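What follows is the residue order along each chain.
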2 protein chains.
Amino acid sequence: MKSAAIITIGDELLYGSVVDTNAAYIGQRLTETGIEPVCSMTVGDEGTRIGRALEILCRQADAVLVTGGLGPTHDDVTKTVIADAIGQDLVFHPEIMDTVERMFTQRGMVMPESNRIQAYMPRHAEVLDNPVGTAPGFLVRHHDAAVFVMPGVPREMKKMLNEQVLPRLKDQGAGRVILHRWIRTTGIGESNLSQIIGDVIDAAEDVKIASLPQETGVNLRLTAEGRSGEEARRRIEAVESRMVARAGEHIYGVDDDTLEEVVGRLLREAGATVAVAESCTGGLVASRLTDVPGSSDYLLEGIVSYSNAAKMARLEVPVGTIDRHGAVSEETAAAMAQGIRHTSDATYGLSTTGVAGPGGGTPEKPVGLVFLGLASADGVETRRLMLGPDRQVNKTRAALAALNLLRQALTRAAGTNRIPGNRNPQAT
Amino acid sequence: MKSAAIITIGDELLYGSVVDTNAAYIGQRLTETGIEPVCSMTVGDEGTRIGRALEILCRQADAVLVTGGLGPTHDDVTKTVIADAIGQDLVFHPEIMDTVERMFTQRGMVMPESNRIQAYMPRHAEVLDNPVGTAPGFLVRHHDAAVFVMPGVPREMKKMLNEQVLPRLKDQGAGRVILHRWIRTTGIGESNLSQIIGDVIDAAEDVKIASLPQETGVNLRLTAEGRSGEEARRRIEAVESRMVARAGEHIYGVDDDTLEEVVGRLLREAGATVAVAESCTGGLVASRLTDVPGSSDYLLEGIVSYSNAAKMARLEVPVGTIDRHGAVSEETAAAMAQGIRHTSDATYGLSTTGVAGPGGGTPEKPVGLVFLGLASADGVETRRLMLGPDRQVNKTRAALAALNLLRQALTRAAGTNRIPGNRNPQAT
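Residues numbered from 1 in each chain as written. Chains lettered and ligands numbered in written order. Predicted model: local features only at pLDDT ≥ 70, side-chain atom pairs only at ≥ 80, totals over all residues. Heavy atoms only, no water.

Participant: Lay out the overall build of chain A in plain terms, naming residues and giving numbers.
Facilitator: Secondary structure summary: chain A contains 14 helices and 17 strands in total. Computed over C-alpha atoms, the radius of gyration of chain A comes to 28 Å, more than 25% over the 22 Å expected from 2.2 N^0.38 for 428 residues, which places it beyond the range of a compact globule. By its C-alpha atoms, chain A is 85 × 50 × 40 Å across when sized along the principal axes. Accessible surface, chain A: about 17,100 Å² in total, of which carbon and sulfur atoms supply 48%. Taking the 44 positively charged and 54 negatively charged side chains of chain A as two groups, their mean positions are separated by 3 Å. (Helix = DSSP H or I, 4+ residues; strand = E, 2+ residues; numbered from the N terminus. Rg over C-alpha atoms; globule rule 2.2 N^0.38 Å. Areas by Shrake-Rupley, 256 points an atom, 1.4 Å probe, with all protein chains shown as cover. Lys, Arg positive; Asp, Glu negative; His and termini not counted. Charge placed at Lys NZ, Arg CZ, Asp CG, Glu CD.)

Participant: With reference to specific residues and values, describe the interface of chain A and chain B.
Facilitator: When the parts of a complex come together, some accessible area is lost, and that lost area is often used as the size of the interface. Taken together, the contact pairs 72 residues of chain A with 72 residues of chain B. Summed over both partners, the interface of chain A with chain B comes to about 5,800 Å²; 53% of that surface belongs to carbon and sulfur atoms. The three residues of chain A that bury the most area against chain B are Tyr15(A), Tyr306(A) and Arg314(A), which together make up 11% of that side's buried surface. Two residues, Arg314(A) and Glu301(B), come together in a salt bridge whose shortest N-O distance is 2.9 Å. Inspection of the chain A/chain B interface yields 32 residue pairs in polar contact (both at pLDDT 80 or more). Looking at the side of chain A that touches chain B, its residues break down into 31 nonpolar, 26 polar and 15 charged. Bridge analysis of strand β14 (residues 299-305) of chain A against strand β14 (residues 299-305) of chain B gives 5 bridges, and the strand direction is antiparallel. (Contact = heavy atoms within 4.5 Å. Buried area = accessible area lost by both parts, 1.4 Å probe. Salt bridge = Lys/Arg side-chain N within 4 Å of Asp/Glu carboxyl O. Polar contact = N/O pair within 3.5 Å; in protein donor to acceptor, adjacent residues only side chain to side chain. Nonpolar A, V, L, I, M, F, W, Y, C, P; charged D, E, K, R; others polar. Pairing = 2+ DSSP bridges.)

Participant: Can you explain the domain arrangement of chain A? Please cite residues and give values.
Facilitator: Domain boundaries assigned for chain A yield domain 1 (3-171), domain 2 (177-254) and domain 3 (259-414). The C-alpha-based centres of domain 1 of chain A and domain 3 of chain A are spaced at 51 Å. (Domains from an automatic or database assignment.)

Participant: Would you mind going over empty space enclosed by the protein in detail, with residue names and values included?
Facilitator: Summed over all chains, the structure comprises 4 cavities of 30 Å³ or more. Reported here for the largest cavity is a volume of approximately 200 Å³. The wall of the largest cavity is formed by 19 residues, among which Asp20(A), Thr42(A), Asp20(B), Ala23(B) and Thr42(B) lie closest to the centre. When contributions to the lining of the largest cavity are tallied by element, the ones reaching two or more residues are α1 (11-14), α2 (21-32) and β2 (36-43) of chain A together with α1 (11-14), α2 (21-32) and β2 (36-43) of chain B. Class assignment of the residues belonging to the lining of the largest cavity gives a composition of 13 nonpolar, 4 polar and 2 charged. (1 Å grid on protein atoms, 1.4 Å probe; cavity = no way out; pocket = protein on both sides within 12 Å on 5 of 7 lines; lining within 4 Å. Points joined across faces, edges and corners; volume = space filled by probe spheres on them.)

Participant: Can you lay out the packing of aromatic side chains for me, pointing to particular residues and giving the numbers?
Facilitator: In this structure the tally under the stated criterion is 2 aromatic pairs over all chains. We note Lys158(A) situated over the ring of Tyr25(A); from NZ or CZ to the ring centre the distance is 4.8 Å. (Phe/Tyr/Trp six-rings, centres within 6.5 Å; stacked < 30°, edge-to-face > 60°. Lys NZ or Arg CZ within 6 Å of the ring centre and 35° of its normal.)

Participant: Give a description of the environment of Arg268(B) that names residues and reports values.
Facilitator: Residues and elements named next belong to chain B. Checked against the element boundaries, Arg268 lands in helix α9 (residues 259-270). For Arg268 and Tyr298, which are 30 residues apart along the polypeptide, the C-alpha to C-alpha distance reads 7.0 Å. Contacts of Arg268, omitting those with residues within four sequence positions, involve Pro293, Gly294, Asp297 and Tyr298.

Participant: Describe the layout of surface pockets, with residues and values.
Facilitator: There is about 680 Å³ of room inside the second largest pocket. Surrounding the second largest pocket, 27 residues form its lining, Tyr15(A), Thr31(B), Lys208(B), Arg221(B) and Thr223(B) being those nearest its centre. Going through the elements one at a time, α1 of chain A together with α2, β2, β9 (177-185), β10 (208-214) and β11 (217-226) of chain B are the ones with two or more residues in the lining of the second largest pocket. Broken down by element, the lining of the second largest pocket gets its largest block of residues, 5 residues, from β10(B). Of the residues belonging to the lining of the second largest pocket, the class tally is 11 nonpolar, 8 polar and 8 charged.

Participant: Outline the pairing of strand β16 (residues 369-376) of chain A, listing residues and values.
Facilitator: Residues and elements named next belong to chain A. Most of β16 sits out of view: 8 of its 8 residues are buried. Sheet analysis places strand β15 (residues 348-354) next to β16, joined by 6 bridges and oriented antiparallel. Along β16, the bridge assignment pairs Gly354 with Val370. Taken together, the 8 bridges between β16 and strand β17 (residues 379-386) define a ladder with antiparallel strand orientation. Bridging across to β17, Leu372 finds its partner in Arg383. Between the antiparallel neighbours β16 and β17 lie 2 residues. (Buried < 20%, exposed > 50% of the residue type's maximum accessible area, 1.4 Å probe, protein only.)

Participant: Give a detailed account of helix α14 (residues 391-414) of chain A, specifying residues and quantitative values.
Facilitator: Residues and elements named next belong to chain A. Given a rise of 1.5 Å per residue, 24 residues ought to cover 34 Å, and the 35 Å separating the end C-alpha atoms of α14 matches this to within 8%. Extensive coverage of α14 is indicated by the burial of 18 of its 24 residues. Among the residues trailing α14, Gly415 stands out with phi positive, at a value near 75 degrees. (Expected span 1.5 Å × (residues − 1).)

Participant: Hey, could you go over the packing of helix α3 (residues 47-58) of chain A against helix α4 (residues 78-86) of chain A for me, with residue numbers and the actual values?
Facilitator: Residues and elements named next belong to chain A. Two numbers describe how α3 lies on α4: the axes approach to 9 Å, and their chain directions differ by 50 degrees. Classified by the angle their axes make, α3 and α4 are oblique. In the crossing of α3 with α4, the sense of the turn from one axis to the other is right-handed. Where α3 approaches α4, its residues Gly47, Ile50, Gly51, Leu54 and Glu55 are matched on the opposing element by Thr78, Val81, Ile82 and Ala85. (Axes fitted to C-alpha atoms, helices over the stretch in contact; angles between N-to-C directions. Parallel < 35°, antiparallel > 145°, perpendicular 65-115°, else oblique. Left-handed = near helix turned anticlockwise from the far one by under 90°.)

Participant: Please set out the side chain of His180(A) residue by residue, giving values where relevant.
Facilitator: All names here are of chain A. Note on placement: His180 falls in strand β9 (residues 177-185). Judged by its relative accessible area of 6%, His180 falls in the buried class. A distance of 3.2 Å separates polar atoms of two side chains, one belonging to His180 and the other to Thr223.

Participant: Quick one: what's the story with the pattern of salt bridges, residue by residue and with numbers?
Facilitator: In total, this model carries 40 salt bridges over all chains according to the counting rule given. When the shortest N-O distance is used, the salt bridge between Arg246(A) and Asp199(A) registers 2.9 Å. Of the two residues, Arg246(A) is situated in helix α8 (residues 229-247) and Asp199(A) in helix α7 (residues 190-203); the sequence distance between them amounts to 47 residues. With its nearest N and O atoms 3.7 Å apart, the salt bridge here joins Arg59(B) to Glu55(B). If you follow the salt bridges from partner to partner, you end up with Arg181(A), Glu240(A) and Asp255(A) in one network.

Below, the structure written as structure tokens:
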């Protein structure tokens with residue numbers, strides 16, 4: 001497999017004023033094209049540092065992809081630095097100048113003199129057109145590596161990468177196909193998950209598996225190589241189905257799925273509706289559900305009942321339930337779920353109540369204690385969670401656990417344990 | 001000035017499945033602390049590449065900050081690689097093991113055996129505690145550089161960076177004082193803001209001002225240097241007060257303030273309460289308000305009334321109002337705000353209704369059209385917003401505009417235009 005390294009240039013990236021999305025995009029497109037990204041480096045608009053990065057990376061990869069520092073201002077030094085490094089002078093290209101001038105004229109503007117610099121290129125460079133901006137890119141060779149230099153503006157970079165850089169790299173490519181699949185889980189920690197599916201991972205010799213814990217849950221990334229897409233796909237799907245058989249309860253989706261999208265799809269397929277009564281999640285369950293376009297078809301309403309008065313008035317929670325068991329209790333969670341289901345006439349009533357923290361904990365009801373309730377035609381079920389000390393993390397985890405409780409009920413009702421909307425692994 | 005380099009580790013970063021926000025955050029905090037970031041490098045979970053990056057960067061900077069690959073799974077190789085590079089073996093720390101085990105016990109879980117690895121550290125490493133996760137960090141020296149190794153989970157990394165890494169780097173720092181202050185605005189674009197305060201910026205010769213547009217609004221970063229903290233502070237505060245005088249309507253806070261915290265502080269100071277009726281924001285206003293600890297003191301309840309039935313039943317919106325003007329109208333926004341204020345007996349009733357998109361738009365009521373309502377003892381006021389095509393951006397912007405509407409009313413009622421809870425600029 002061919003390899004590539006990435007250099008992104010710009011003070012704003014290094015100083016963190018702007019998050020570097022170019023490196024991620026290039027890494028993704030390289031991987032999809034069957035080229036291995038080996039490393040990515042960010043340097044400021046400073047000649048010596050740029051030159052040093054180029055020297056290092058041209059010895060580590062077959063190709064080096066550079067973005068940024070091609071503009072007309074004084075801090076755009078990329079072209080001069082690269083010309084120096086490869087020992088070529090910059091020569092003027094009248095046809096580039098014409099193109100740039102025409103761009104300004106078409107917008108009813110006069111080209112500033114500073115833009116003349118964009119018509120200069122290293123003597124033996126191959127010019128890469130930029131149809132959507134004024135800075136053309138170029139291709140040179142250094143230490144046996146192909147060096148592709150692109151503008152830093154994401155829209156211009158993406159077009160040049162996809163239309164000019166990747167086709168050139170692919171022409172010299174190897175021919176093997178790499179496929180990826182993300183398996184998304186929630187409500188289980190990384191180490192517990194790896195205990196449940198550890199032997200599946202160990203047995204999956206021809207599929208590489210990486211585990212990535214995020215706030216929403218642990219995501220597993222499956223990667224397989226093959227002589228054909230069919231072969232790579234078979235390898236991934238064999239491992240995937242073993243994982244679903246083992247840990248389906250925790251697996252809510254694949255690739256770009258979000259839990260709220262999956263729940264929405266299941267509600268829609270079942271022709272069901274939901275209404276939400278939230279205490280400790282404070283509106284986050286409703287907000288996640290309404291992040292999905294068209295969610296008004298199945299979300300009837302949400303109530304954030306922070307006060308006990310609201311719990312009683314809006315949700316018909318009996319005063320005796322709160323008095324006897326407290327607002328944070330299995331009984332109140334159940335009554336809230338039944339109350340919102342009844343008053344809104346929804347198929348499912350979903351509730352959360354808990355101590356989000358950081359204050360408000362007691363020895364019996366510590367910070368992080370959360371109860372969930374789910375009411376349906378079959379009755380009401382509850383869950384008890386013991387989360388941590390951080391308020392926002394608790395809100396997020398409790399909201400996801402509530403959505404996952406609804407997902408599990410919908411999956412059971414549908415009589416399957418498949419991932420809804422199952423699609424092919426991402427082909428490259 | 002001292003210099004630092006950054007290494008972020010993870011296949012998911014290199015392959016672009018996840019955008020590297022850690023590097024940006026570290027770059028920003030280094031700059032704010034007066035340490036120069038010289039370059040940042042991303043490598044996959046692969047020993048040889050990690051080792052090579054370490055060799056290169058330890059010769060380029062006074063400190064190297066490493067994140068990622070400290071977890072308990074087989075692809076977490078950072079610790080082994082670094083121990084090899086510096087020629088130290090890994091030794092077991094029983095006190096780390098105890099802490100990690102206690103974290104699991106507190107959540108009612110048994111620690112999986114795989115977590116034992118987290119108690120091993122290079123022999124002469126200084127351990128950096130991780131109070132919010134199970135992977136401690138550590139500090140070693142290599143080729144005269146201080147190497148700080150932190151977990152990759154952003155929340156854990158940030159806490160370790162701010163509380164343990166930066167203070168250690170600062171102790172060895174220089175003599176001049178640099179102070180920073182963020183001025184946070186919302187509801188106004190970058191170019192309009194710079195028209196309003198352009199001459200303040202031009203006149204501020206001894207204060208450096210950077211403008212950073214984000215989804216929540218435009219943030220302005222003021223930086224001043226001085227021989228003493230007092231001198232730098234005076235410079236910043238002079239510019240800050242000129243900005244507040246000019247654009248106070250749009251400035252909601254400073255530094256780490258969030259709009260919901262500021263609103264919460266103002267409600268608390270006024271002894272006032274709020275209840276929220278949301279349509280197009282789908283629970284996001286309530287969710288943001290409840291992100292603030294103690295918000296149950298002033299948020300009485302929230303209603304997500306996606307259906308017209310819910311608007312009428314829960315919020316007393318007259319059927320004639322919806323029939324005549326539609327659910328997305330100034331009149332319905334006003335009725336929702338008055339309805340939630342009345343039924344919940346709150347000081348303020350806040351409402352949102354609009355077309356979040358991407359579907360559901362018409363020529364008269366296009367996607368992005370949003371009405372806000374705010375009811376109080378003084379009557380009801382409304383706002384009309386014309387936002388864009390993206391659903392999630394629209395939800396966020398509408399929620400922030402609603403909170404800002406409440407903030408402006410509270411500020412007027414308090415008879416001041418100051419930023420509540422004004423504090424000293426961040427010293428470095």
